Amino acid sequence: MATIEECRSALDKLSDNMQHAEGDVRDAAALDRSVSCHITDLDVTFVGRMQGGRIVVRDTVQGPPPDKAEIRLAMTGDDLVALVDGELSFAKAWGSGRVKLNAGVRDLLQLRKLL
């Protein structure tokens, strides 16, 4: 099982990847939205903001997200690490329910370029 530190490191790596993206992916990464990522097996949530082509984690809280972020993810720590490392396909994980993504329709259309 992935640790909180490994999950935070995976989010940092994802943020770095987003910042160096090009084309449509870079456009999608440029969204300015509140973000939460609930790690279900650790029952911890990373809360922050997607801005300037990065994910800025501002807080880590116990339990589910305290507020409703504009973009909400939920998954196990192992799945987060596997997604960021390219070992797990987002489409397969989302389709099977291993990863949950909630956002507005416009944001989902933009985010599909990232995923």
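The rules behind each value
- Residues numbered from 1 in each chain as written.
- Predicted model: local features only at pLDDT ≥ 70, side-chain atom pairs only at ≥ 80, totals over all residues.
- Heavy atoms only, no water.
- Helix = DSSP H or I, 4+ residues; strand = E, 2+ residues; numbered from the N terminus.
- Rg over C-alpha atoms; globule rule 2.2 N^0.38 Å.
- Buried < 20%, exposed > 50% of the residue type's maximum accessible area, 1.4 Å probe, protein only.
- Contact = heavy atoms within 4.5 Å.
- Lys, Arg positive; Asp, Glu negative; His and termini not counted.
- Charge placed at Lys NZ, Arg CZ, Asp CG, Glu CD.
- Pairing = 2+ DSSP bridges.
- Axes fitted to C-alpha atoms, helices over the stretch in contact; angles between N-to-C directions.
- Salt bridge = Lys/Arg side-chain N within 4 Å of Asp/Glu carboxyl O.

- The protein chain goes by SCP2 sterol-binding domain-containing protein in an unreviewed UniProt entry, where it is assigned to Streptomyces coeruleorubidus.

**Here we look at the overall build of the protein chain**
Here is step 1 of the chain: Each helix and strand in the protein chain was counted, giving five helices and five strands.
Here is step 2 of the chain: When the helices and strands of the protein chain are read in sequence order from the N terminus, they spell out α-α-β-β-β-β-α-α-β-α.
Here is step 3 of the chain: For the protein chain, whose C-alpha radius of gyration is 13 Å, the value lies close to the compact-globule estimate of 13 Å for 115 residues.
Here is step 4 of the chain: Its C-alpha atoms give the protein chain principal-axis dimensions of roughly 35 × 30 × 25 Å.
Here is step 5 of the chain: Split into buried and exposed, the 115 residues of the protein chain put 38% on the buried side.
Here is step 6 of the chain: Counting contacts in the protein chain only where the partners sit at least 6 residues apart, residues at least 24 apart contribute 58% of the total.
Here is step 7 of the chain: In the protein chain, 15 side chains carry a positive charge and 18 a negative one; their mean positions are 7 Å apart.

**Looking at the sheet that holds strand 1 (residues 33-39)**
The strands making up a sheet associate through backbone hydrogen bonding, with each pair oriented either parallel or antiparallel.
Here is step 1 of the chain: The strand order 3-2-1-4-5 describes an open sheet built from five strands, whose pairing is mixed. Looking along the sheet, the strands with just one partner apiece sit at the ends: strand 3 (54-62) and strand 5 (100-103). Sheet twist, expressed as the mean angle between neighbouring strand axes with direction ignored, is 20°.
Here is step 2 of the chain: Relative to strand 2 (residues 44-51), strand 1 runs antiparallel, the two sharing seven bridges. By the bridge assignment for strand 2, Ser36 is matched with Val47.

**Examining the environment of Gln62**
Here is step 1 of the chain: On the secondary structure map, Gln62 appears in strand 3.
Here is step 2 of the chain: Along the primary structure Gln62 and Ile39 are separated by 23 residues, whereas in three dimensions their C-alpha atoms are 9.8 Å apart.

**Considerations on the pattern of salt bridges**
Here is step 1 of the chain: For the coordinates displayed, the defined rule picks out seven salt bridges.
Here is step 2 of the chain: When the shortest N-O distance is used, the salt bridge between Asp85 and Lys13 registers 3.0 Å. Of this pair, Asp85 sits in the loop between helix 3 (77-84) and helix 4 (90-95) while Lys13 sits in helix 1 (residues 4-19), and the two are 72 residues apart along the sequence.
Here is step 3 of the chain: Residues joined by salt bridges that share partners form a network here, namely Asp32, Arg49 and Glu70.

**Comments concerning the environment of Glu70**
Here is step 1 of the chain: Mapping Glu70 onto the fold places it in the loop between strand 3 and strand 4 (71-75).
Here is step 2 of the chain: Between the C-alpha atoms of Glu70 and Ala30, which are 40 residues apart in sequence, the distance is 14 Å.
Here is step 3 of the chain: If we ignore the near neighbours within four places in the chain, the residues touching Glu70 are Asp32, Arg33, Ser34, Arg49, Asn102, Ala103, Gly104 and Asp107.

**With respect to the pairing of strand 3**
Here is step 1 of the chain: Where strand 2 lies against strand 3, eight bridges are found, and the strand directions are antiparallel. When the bridges of strand 3 are listed, Val47 appears paired with Asp59.
Here is step 2 of the chain: Hairpin connection between strand 2 and strand 3: a loop of two residues separates the two successive antiparallel strands, and Gly52 in this loop has a positive phi of roughly 60°.

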